[in-house]
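# Summary of the model geometry
Residue-level listing of the chains:
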Amino acid sequence: MESEDGGAGGGAGLETAEKIIRRWDSTVSQDDREKMIFSGDRQEADRYLQAVDEIQRSLHSTSFPSSSSGDRNPTLRIAMARLEDEFRWILLSHASAVDPESLLVDTPRSNSASSHFDHFSAAAGEDEAESDAGEGDSASFGDGSSHGGGIGSSSSSRRSIKSATSIREIDLIPADAIADLRTIAERMISAGYLRECIQVYGSVRKSAIDASFKNLGIEKLSIGDIQRLEWEVLENKIRRWIKAAKACIRTLFASEKRLSQQIFEGLGSGSGSDDACFLETVKGPAIQLFNFAEAISISRRSPEKLFKILDLHDALADLFPDIELVFESKQAESIRVQAAEVLSRLAEAARGILSEFENAVLREPSKVPIPGGTIHPLTRYPGDQSVPEFDFGELEEERTPLALHLIWIIVILESNLQGKSQHYKDTSLAHLFMMNNVHYIVHKIKGSPELREMIGDEYLRKLTGKFRLAATNYQRAAWVKVLHCLRDEGLHVSGSFSSGVSKSVLRERFKSFNAMFEEVHRTQSTWLVPDTQLREELRISISEKLLPAYRSFLGRFRSHIESGRHPEQYIKYSWEDLDAAVMDLFEGNSATQQLRRKSG
């Protein structure tokens, strides 16, 4: 369009450029506003851009600063309004949410932590070595820079972010659309319309991020809203947040950063427009993302929250090097600071829960036995103040500091429970109490994959052996005297002309058995074994010892009793009666359970 002679031809070129600009004046009619130059003939788009260039060249030849050239030239104002509309339209045409499946492809760090405690005591900003990702897959736009302002080679920041193997950038907008956006942005910024360009870009791209957040299950909740939720609901949200946070930092935000660089990098004189547009887009969503973890970190502490808080800490610690890469600019410092502070608060919350739990175990003062030997509240939610001895060298497997801390708390808890068991006057109830409580600890460890992994199978086997030993000791203390009544010793009379069995001793033996069994049944029906499976296993173990012994004794000596007077006073129960009676045990019945007898 330029005239070769730069004189009258230059004036003719400017006049033609102004006609092209005014033909696409968005302010003339609604139809003109809705019709987009970049949606149709590419040659028309090229002519329009050349017309804008001609207007700007004419203004640069004057003494007017570029920042005010739009104000002094109405044609340029019309051009900038049109380019702003075109810029918005192209962005909106590619502003749909990212497919969550493409975001949720996990890309773990090559040197990420293998356990919670690798980062637990570390400072929030601790350096972590990165593995080299090689050349990377920087986007190529072919002829896309033909309209001016070529994208050129990657900057040092682009190389930096691609060096993290965990970063997985995706194409948010097609290459040809990016090229068009860059040509428009270049002309708007050179005309002094940087602020308008940033506002349009940030508004549209933020809406796209909000839609992606919704697909990832990230809700707009205030810190107060989060803290009012039930813990069971929060547990599910924490699991979802960890997956979403990885997708947002490593893919969504990283890809938004790359997009802003592809469109704005190098445009303007030291403007940092790419960083400005990136932050305009992601600052709000990033704050929203980290607010969730912050709300958890400052919520009321309780033991059941420990592992989910550690999960959050572990995930955020693993993401922190990526956060530093994605938000590396000076303008993004506030986001890095927020992430570091949240990481620190999560670590403090976990340490606080452990400390409070340990103090509860060490300082619980009650000396009143728990009725029925059931689970002590100390076991459910962590005493003597004495500290037990424990040789950690006995553990063959290596342990993290957190695992050793938890084992130490369990050792203290077990020692305190042992002390509390001494307050029971009935030795068999003391053993039942220990069986219940150590079994509860084992059950909780087995029910938590995180806790089981940290405690380890070796120590878990030790605990399992302890509650089984307590069950054996209970049976010995409670049932040996009962079974002792069913022995043969002392029943036979040497040198007698009778059958050789002393009926008087035999009658006393039956009477003793009946009295002892009735007392055990009366007492232990009020005792409680809360775990259904453990209760059933204990009953079966008792029956397997008691019933064969009673049936054998009854078979050998029944005739001696039945041949005498009032045999029902001595043989009061069949073996079926005893079997049914054992099924009454450990139910925690407050009222005395009566022994049932079979009719006849």
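Note: the structure precedes this text.
Residues numbered from 1 in each chain as written. Predicted model: local features only at pLDDT ≥ 70, side-chain atom pairs only at ≥ 80, totals over all residues. Heavy atoms only, no water.

### Points about the overall build of the chain
So the rule is basically this: Strands are runs of DSSP state E lasting at least two residues, helices are runs of H or I lasting at least four, and both sets are numbered from the N terminus onward. The buried label applies to any residue whose accessible area, calculated with a 1.4 Å probe on protein chains only, is under 20% of its type's maximum; exposed applies above 50%, and partly exposed to all values in between. Computed with the Shrake-Rupley method and a 1.4 Å probe, the accessible areas treat only the protein chains shown as cover for residues.
Scanning the chain from N- to C-terminus turns up 23 helices and 0 strands. A total of 600 residues make up the chain; the buried ones form 48% of that total. Accessible surface, the chain: about 28700 Å² in total, of which carbon and sulfur atoms supply 49%.

### So, the side chain of Lys-308
Note the cut-off: Contacts are assigned to residue pairs with any non-hydrogen atoms lying within 4.5 Å of each other.
Relative to the helices and strands, Lys-308 resides in helix H14 (residues 306-326). You can call Lys-308 buried: its relative accessible area is 10%. Once you skip the residues sitting within four places of it in the chain, Lys-308 turns out to touch Trp-231, Glu-235, Ile-238, Arg-239 and Glu-450.

### Quick look at unusual backbone geometry
Its identity is not glycine, yet Phe-586 carries a phi of approximately 70 degrees, on the positive side. Looking at Phe-586, the relative accessible area reads 0%, which means it is buried.

### Some remarks on the environment of Asp-426
Condition: The term polar contact refers here to a pair of N or O atoms within 3.5 Å; inside protein, the definition further demands a hydrogen-donor-capable atom paired with an acceptor-capable atom, and it admits residues adjacent in sequence only when both atoms are side-chain atoms.
Position of Asp-426 among the secondary structure elements: in the loop between helix H17 (401-421) and helix H18 (427-447). Note: C-alpha distance between Asp-426 and Ala-478 (52 residues apart in sequence) is 9.0 Å. Within the local environment of Asp-426, its side chain forms a polar contact with the side chain of Ser-428, the two groups lying 2.5 Å apart.

### Examining the pattern of salt bridges
As a working rule, side chains carrying opposite charge can pair if their charged atoms are close by. What counts is decided by this rule: Each salt bridge in this description consists of a side-chain nitrogen of Lys or Arg and a carboxyl oxygen of Asp or Glu lying within 4 Å of one another.
With the rule as written, the count across this model stands at 34 salt bridges. Put simply, Lys-19 and Glu-15 hold a salt bridge, and the shortest N to O gap is 3.9 Å. Placement of both Lys-19 and Glu-15 in helix H1 (residues 8-23) is noted, with a separation of 4 residues, approximately one turn of the helix. Take Lys-19: its relative accessible area is 53%, and that puts it in the exposed class. Notably, a salt bridge pairs Lys-466 with Glu-414, separated by 3.0 Å at the nearest N-O pair. With Lys-466 in helix H20 (residues 457-484) and Glu-414 in helix H17, the pair connects residues that are 52 residues apart, well separated along the chain. Connected through salt bridges with shared partners, the residues Arg-23, Glu-44 and Arg-47 form a single ionic network.

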